[in-house]
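# Structure at a glance
This is what each chain is made of:
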Amino acid sequence: MWRLPGVRAALRRIRTAVEQLSRAEAESEKAAGAMERAVVRCVPSEPKLSLSFALADGSHKNMQRDQSEPLGRVLSRIATNALKGHAKAAAAKKSRKSRPNASGGASCSGPGSEPAVACEPVVKLYYREEAVAEDVLNVDAWQDGAVLQIGDVKYKVERNPPAFTELQLPRYIMAGFPVCPKLGLEFGDPAGSLFRWYKEAKPGAAEPEVGVPSPLSPSCPSWTETGVEERVYTPSNADIGLRLKLHCTPGDGQRLGPSRELESVCRVEAGPGTCTFDHRHLYTKKVTEDAFIRTVSYNILADTYAQTDFSRTVLYPYCAPYALELDYRQNLIQKELTGYNADVICLQEVDRAVFSDSLVPALEAFGLEGVFRIKQHEGLATFYRKSKFSLLSQHDISFHEALESDLLHKELLEKLVLYPSAQEKVLQRSSVLQVSVLQSTKDSSKRICVANTHLYWHPKGGYIRLIQMAVALAHIRHVSCDLYPSIPVIFCGDFNSTPSTGMYHYVINGSIPEDHEDWASNGEEERCNMSLMHFFKLKSACGEPAYTNYVGGFHGCLDYIFIDLNALEVEQVIPLPSHEEVTTHQALPSVSHPSDHIALVCDLKWK
């Protein structure tokens, strides 16, 4: 991600200094016999709190207690656990001569008695050097900075420190493609967290000197630092055949939580070479200035459709089977999308798991946040750059539900009921519309309505797409005129309609006559003659390319970014891949292109 000159290096120096200081303090505290940690997680919305700490015998305790419970009960339970731990340790040393307990447990042996019997250790909680009364409720007792004493051992209480709730690396990693870990953070922020990447030392590489521990772990001397201290790491060809390791410490800008390490389950694979989007990235090296909105619309091909026998044998028989695998395609999709440095991204055919496990981690790492709307087996996703926009509101609808229940579409429904066969088909469709209202972070008076959809796919469904578009435009008008008066509109999607169809004619010209041929697109039985009008002045920002979908049996322009000409203008359109690039492997998808569609990318400008 582009930054001001010198900032990346400065951040790296700061992070390194913080980590070194953290390590030095930890070593110093350890040498001085400083306090252990007792981590408390206490959230108001949950009835229980958790308490985690390690006993002197090395056993780790993780307790779940009611927040409304008196402190005394917890302390008593801790004492019992400590006594059990001592008993286990004593049993393991049966063959040794009995000796006084050095772990803080009391010794209850009389004069001339046999080996000592441990008693429950004294367990107290202190806050600001005063003992906390045992009738104080847990929710109030366990404060950050309190001290838990178990016998002679003291623990510093850390209440709700930054912590990872989830940490995953991709299952398939390729040289030249960004590795974006999936992070779940509680009480923390990725921007305040520390990251350090390692890779396996190549066979024959020098091992650390004897007596010098590995920077990652004394027991793992085969890892070397990559020098990358960012959340995202892009392996090079030199990393092929090696596994990666991520060492990360959660933080919130002030506190650092417990670190975690994660190794990749796979080795870095060779990439496919030049991809269809590499040349396009030359036009999108930097994020645009505030006056511009770089917009992307892209049907990324849902895994639920790519991974079928029909897809492999009929739709995409020319595509190498491994290139249809989700893990492979996700690498290409992530690299393509992050390389556009977009401000707004509208995606279609997004699997729910792909959204949460792949797109969110990747795009979040590059400064974007996203929302998702499920359709049936897949759905729509809209991402926006957080430095430029905040999400003001969402107004998603299902076309058939809105048509039946929203008074906004009463007149359209009254026309449709005159054609029962057509009505039945229209109401069976599961297509949805995603509408997000964004507000500029630099100028709160600037707002924009971003719509995203994927219309019905069937070649003979022209009249269904006309009805769906009529519902969409009426709903968008309600949001952009009634709810937020006079805000501009960007309408992206896979409309499954070429420029010669009635749907496109309707959008661009503002109306469609009742005798248009598309009203009988599926034969006379389903004919539904009606005239439609809308009041927008819309234009296809990327024009009418020869195709945005290129498969073995079809190619044509199905995708568009429609813009409101009253408020927006096109600054530049990022060129599509050349025909030679698209057909290098016969058609799409391929080893160098992850979808059967091509992304539309353009820079828009506020008027």
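Residues numbered from 1 in each chain as written. Predicted model: local features only at pLDDT ≥ 70, side-chain atom pairs only at ≥ 80, totals over all residues. Heavy atoms only, no water.

Tallied over the entire structure, the rule returns 15 aromatic pairs. Each ring, one from Tyr316 and one from Tyr318, has its centre 6.5 Å from the other, and the planes form 80°; the classification is edge-to-face. Judged by centre distance (5.6 Å) and plane angle (40°), the ring pair of Phe355 and Phe383 falls under tilted. Placement of the pair is Phe355 in helix H7 (residues 352-365) and Phe383 in strand E19 (residues 379-385), with a sequence separation of 28 residues. Here the two residues Phe355 and Phe383 agree in accessibility, since each one is buried. Taken together through their ring pairs, the aromatic side chains of Phe491, Phe495, Tyr504, Tyr560 and Phe562 make up a single cluster. For Lys335, the ring lying beneath its charged end belongs to Phe177, and the centroid distance is 4.5 Å. (Phe/Tyr/Trp six-rings, centres within 6.5 Å; stacked < 30°, edge-to-face > 60°. Helix = DSSP H or I, 4+ residues; strand = E, 2+ residues; numbered from the N terminus. Buried < 20%, exposed > 50% of the residue type's maximum accessible area, 1.4 Å probe, protein only. Lys NZ or Arg CZ within 6 Å of the ring centre and 35° of its normal.)

A few words on the confidence of the model for the chain. For the chain, per-residue confidence averages 89 on the pLDDT scale, and residues scoring 70 or more make up 86% of the total. Predicted confidence for residues 101-106 stays below pLDDT 50, and this span has 13 contacts to residues more than four positions away or in other chains. Low pLDDT, under 50, characterises residues 207-219; the stretch is placed with 12 contacts to residues that sit more than four places away or in other chains. (pLDDT = per-residue confidence, 0-100. Contact = heavy atoms within 4.5 Å.)

Attention shifts here to the pattern of salt bridges. A complete count under the given rule lists 25 salt bridges for this structure. When the shortest N-O distance is used, the salt bridge between Asp239 and Lys199 registers 2.9 Å. Of this pair, Asp239 sits in the loop between strand E13 (223-225) and strand E14 (244-249) while Lys199 sits in strand E12 (residues 194-200), placing them 40 residues apart in sequence. Each of the two residues, Asp239 as well as Lys199, counts as buried. Across the pair Glu364 and Arg231 runs a salt bridge, and its minimum N-O distance is 2.8 Å. Here the residue Glu364 occupies a position in helix H7, and Arg231 occupies one in the loop between E13 and E14, the gap between them amounting to 133 residues. Bridged by salt links that share partners, the residues Glu200, Arg243, Lys245, Glu263 and Arg267 form one connected network. (Salt bridge = Lys/Arg side-chain N within 4 Å of Asp/Glu carboxyl O.)

What follows deals with the side chain of Lys245. Counting through the fold element by element, Lys245 comes out in strand E14. Within polar-contact distance, the side chain of Lys245 engages the side chain of Glu263 at 3.0 Å. (Polar contact = N/O pair within 3.5 Å; in protein donor to acceptor, adjacent residues only side chain to side chain.)

Together, Phe310, Val314 and Leu315 make up a nonpolar patch on the protein surface, roughly 270 Å² of accessible area in all. For Val314, the location among the structural elements is in helix H5 (residues 309-315). (Patch = residues over 30% accessible without salt bridge, like charges linked within 9 Å, V, L, I, M, F, W, Y side chains within 5 Å. Areas by Shrake-Rupley, 256 points an atom, 1.4 Å probe, with all protein chains shown as cover.)

Looking now at unusual backbone geometry. The amide bond that connects Leu588 to the next residue, Pro589, takes the cis arrangement and shows omega of -5°. A positive phi is found at Glu129, a non-glycine position, where the angle reads about 70°. Here Glu129 is to be found in the loop between strand E6 (123-127) and strand E7 (130-131). Residues other than glycine seldom take positive phi values, yet Glu349 does so here, at roughly 55°. Classification of Glu349 as buried rests on a relative accessible area of 10%.

Before going further, it helps to examine helix H10 (residues 420-428). Taken as a whole, H10 has its buried residues at Ala422, Gln423, Val426 and Leu427. Here the buried residues of H10 occupy an arc of 125° about the axis, which is enough to place them on one side. As for H10, its buried residues are in contact with helix H8 (399-405), helix H9 (410-416) and helix H11 (462-483). (Arc of directions from axis to C-beta.)

Turning to the packing of H10 against H11, a few remarks are in order. Where H10 contacts H11, the axes come no closer than 10 Å and their chain directions differ by 65°. With respect to H11, the element H10 is oriented roughly perpendicular. For the element pair H10 and H11, the recorded crossing hand is right-handed. Contacts between H10 and H11 pair Ala422, Lys425 and Val426 from the former with Tyr463, Ile464 and Ile467 from the latter. Across the contact of H10 with H11, the residue classes break down as 5 nonpolar, no polar and 1 charged. (Axes fitted to C-alpha atoms, helices over the stretch in contact; angles between N-to-C directions. Parallel < 35°, antiparallel > 145°, perpendicular 65-115°, else oblique. Left-handed = near helix turned anticlockwise from the far one by under 90°. Nonpolar A, V, L, I, M, F, W, Y, C, P; charged D, E, K, R; others polar.)

Let us look at helix H6 (residues 326-339). Relative to the 20 Å expected for 14 residues at 1.5 Å per residue, H6 spans 20 Å between its end C-alpha atoms, a close match to the ideal helical length. Taken across its 14 residues, H6 has 12 buried, putting it largely inside the fold. When we look at burial in H6, the residues that qualify are Leu326, Tyr328, Arg329, Gln330, Asn331, Leu332, Ile333, Gln334, Glu336, Leu337, Thr338 and Gly339. On the buried face of H6, the contacting elements are strand E16 (292-299), helix H4 (303-306), strand E17 (344-350) and H7. Just beyond H6, the residue with positive phi is Asn341, at close to 50°. (Expected span 1.5 Å × (residues − 1).)

Turning our attention to the sheet that holds strand E15 (residues 260-263). Taken together, the 4 strands give an open sheet; going across it, the order is E13-E12-E14-E15, and neighbouring strands pair in antiparallel fashion. Edge positions in the open sheet fall to E13 and E15, since each of these has one partner strand only. The sheet shows a mean angle of 30° between the axes of neighbouring strands, taken without regard to direction. Pairing between E14 and E15: 4 bridges, direction antiparallel. (Pairing = 2+ DSSP bridges.)

On to the nonpolar core, then. Val296, Leu337, Ile345, Leu347, Val350, Leu359 and Phe383 are the most contacted members of the largest nonpolar core, which has 48 residues in total. When contributions to this core are tallied by element, the ones reaching two or more residues are E16, H6, E17, H7, strand E18 (368-374), E19 and strand E28 (549-551). Top element by residues in this core is H7. It accounts for 6 residues. No fewer than three residues from each of domain 2 (163-204 + 222-270) and domain 3 (276-606) sit in this core. Among residues more than four places away in sequence, those in contact with Ile345 are Val296, Leu337, Leu363, Leu368, Ala381, Thr382 and Phe383. Among the nonpolar cores identified, the runner-up in size contains 47 residues, and Phe399, Ala422, Leu427 and Leu466 belong to it. (Core = buried A, V, L, I, M, F, W, Y, C linked by side-chain atoms within 4.5 Å. Domains from an automatic or database assignment.)

As for its position among the elements, Ile464 is in helix H11. For Ile464, a relative accessible area of 3% gives the class buried. Taking C-alpha positions, Ile464 is 9.3 Å from Leu427, a pair spaced 37 residues apart along the chain.

Here we take up the pairing of strand E23 (residues 447-454). Each regular strand carries side chains that alternate between the two faces of the sheet. Burial analysis of E23 places 7 of its 8 residues in the buried class, the great majority of the element. Sheet topology places strand E22 (residues 432-440) next to E23; 7 bridges connect them, and they run antiparallel. Residue Leu438 lies in a different strand from E23, and its bridge partner there is Ile448. Between E22 and E23, which pair antiparallel one after the other, the connecting turn spans 6 residues. Across 6 bridges, the pairing between E23 and strand E24 (residues 489-494) is parallel. Each bridged residue has a counterpart across the sheet, and for Val450 the counterpart in E24 is Ile490. Handedness of the crossover joining E23 and E24 through H11 is recorded here as right-handed. (Right-handed = clockwise from strand over helix to strand, strands pointing away.)

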